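Descriptive analysis of the structure
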Amino acid sequence: MTRPYAEVIGDPVAQSKSPTIHNFWLGKLGIDAEYRATHVNPDGLADYLADRRADPYWRGCNVTMPHKQAVMPLLSSIQPPADAIGAVNTIYPVSGELLAGTNTDASGFLEPLRNELGKSHYFRMARILGTGGAARAIIAALANEGFTLVVAGRDPEKARMLLDELAPQGEHHAVALSHFSSSTDFAFDDREGCLDLVVNASPLGMTGNPELEFDWSHAPPGSIAYDIVTSPVETRFLANARALGLATINGLAMLIGQAAIAFEKFYGTLPPREFDSELFEVLQR
């Protein structure tokens, strides 16, 4: 039986937990629809969208690496905040065969930080490790929340370009990712009343990828460690931070937050967030 569906596309995509999230919500709401994972390589991206445009049962897709920027010229319109971020992670049909793209990464990333962001701070600083599509959304989101940013990438010039494009205001810094791999004896000043984040916005540490080499002597006391990787949920980056007594946020929090916005666009109704604790348990099995 044919029924409405949405999906996540990427290369690779087998590790994605998005199908588990969306199908969990569909089941709780009793909606006769499904959510799939579909492998699409870069050469097949245009053909994929051409096929889906003509499918009356297709409700849209989430976009993961490496397609978040490559997909943009293939869409009919780019909606906020994707136009400012310069990356799309959600595509949905708007009229006939017209496709719109938006970005839910920024909102999803900020969701587990809302309690902290609601407080007043003397100073906010974030070290962001990575310069890909997800990093673009995180840079834009944290700049808008008043953070001073240090963006680290294999290519510091790319990190500088991202800051100039996405966070032109403020005294932000670009460094090489290797800067954080060895220890430092830097003496941090008093961080009371400050908010410090260390964010892995890269695929390093993800199953099948090299580990992220980050020495925690670079993190101020009381930092929050945030890893957007979801496979595995417990990364070495987070385990090392927790061993030092730092607060941690894993990638499931961001994934669920961004999925909730996409779910409404795909299926026309809000997801049942009252089951979040159950969903977290399902995702960690």
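How each quantity is defined
- Residues numbered from 1 in each chain as written.
- Predicted model: local features only at pLDDT ≥ 70, side-chain atom pairs only at ≥ 80, totals over all residues.
- Heavy atoms only, no water.
- Helix = DSSP H or I, 4+ residues; strand = E, 2+ residues; numbered from the N terminus.
- Rg over C-alpha atoms; globule rule 2.2 N^0.38 Å.
- Buried < 20%, exposed > 50% of the residue type's maximum accessible area, 1.4 Å probe, protein only.
- Contact = heavy atoms within 4.5 Å.
- Areas by Shrake-Rupley, 256 points an atom, 1.4 Å probe, with all protein chains shown as cover.
- Lys, Arg positive; Asp, Glu negative; His and termini not counted.
- Charge placed at Lys NZ, Arg CZ, Asp CG, Glu CD.
- Salt bridge = Lys/Arg side-chain N within 4 Å of Asp/Glu carboxyl O.
- Pairing = 2+ DSSP bridges.
- Axes fitted to C-alpha atoms, helices over the stretch in contact; angles between N-to-C directions.
- Phe/Tyr/Trp six-rings, centres within 6.5 Å; stacked < 30°, edge-to-face > 60°.
- Lys NZ or Arg CZ within 6 Å of the ring centre and 35° of its normal.

**With respect to the overall build of the protein**
- When you go through the protein residue by residue, the secondary structure sums to 10 helices and 12 strands.
- For a compact globule of 285 residues, the expected C-alpha radius of gyration is about 19 Å, and the protein comes in at 19 Å, within 12% of that figure.
- Taken along the three principal axes of its C-alpha coordinates, the protein extends 65 × 40 × 35 Å.
- Residues counted as buried form 51% of the 285 residues belonging to the protein.
- Of the contacts formed within the protein by residues at least 6 apart in sequence, a portion of 67% connects residues at least 24 apart.
- Accessible area for the protein stands at about 12800 Å²; split by element, carbon and sulfur atoms hold 49% of it.
- Side-chain charges of the protein comprise 22 positive and 34 negative groups, with the mean position of each set lying 3 Å from the other.

**A few points about the pattern of salt bridges**
- The full count for this structure, using the stated rule, is 17 salt bridges.
- Between glutamate 165 and arginine 136 there is a salt bridge, with the nearest N and O atoms lying 2.5 Å from each other. Of the two residues, glutamate 165 sits in helix 7 (residues 156-166) while arginine 136 sits in helix 6 (residues 133-144), which places them 29 residues apart along the sequence.
- What makes glutamate 165 partly exposed here is its relative accessible area of 47%.
- By relative accessible area, which is 6% here, arginine 136 ends up buried.
- A salt bridge links arginine 191 to aspartate 196, with the shortest nitrogen-to-oxygen separation between them at 2.6 Å. Accessibility classification places arginine 191 together with aspartate 196 in one group, the buried group.
- Connected through shared salt-bridge partners, Arg3, Asp32, Glu34 and Arg36 make up one network.

**Overview of the sheet that holds strand 9 (residues 173-176)**
- The strand order 9-8-7-10-11-12 describes an open sheet built from six strands, whose pairing is parallel. The sheet terminates laterally at strand 9 and strand 12 (247-249), the two strands that pair on one side only. The mean inter-strand angle of the sheet, taken between neighbouring strand axes irrespective of direction, is 20°.
- The pairing of strand 8 (residues 148-153) with strand 9 spans four bridges and is classified as parallel.

**Re the packing of aromatic side chains**
- Within the structure shown, the criterion is met by 11 aromatic pairs.
- Ring geometry for tryptophan 25 against phenylalanine 263: centres 5.5 Å apart, planes inclined by 80°, an arrangement best described as edge-to-face. Of the two residues, tryptophan 25 is situated in helix 1 (residues 18-29) and phenylalanine 263 in helix 9 (residues 251-267); the sequence distance between them amounts to 238 residues.
- Phenylalanine 263 gets classed as buried once you look at its relative accessible area, which sits at 0%.
- Pairing phenylalanine 263 with tyrosine 267 gives two aromatic rings, centres 4.9 Å apart and planes at 50°, and the pair type is tilted. Taken together, the residues phenylalanine 263 and tyrosine 267, both in helix 9 and four residues apart, mark about one turn of the helix. For the pair formed by phenylalanine 263 and tyrosine 267, the shared burial category is buried.
- The cationic tip of lysine 28 hangs over the ring face of phenylalanine 275; the distance from NZ or CZ to the ring centre is 4.5 Å.

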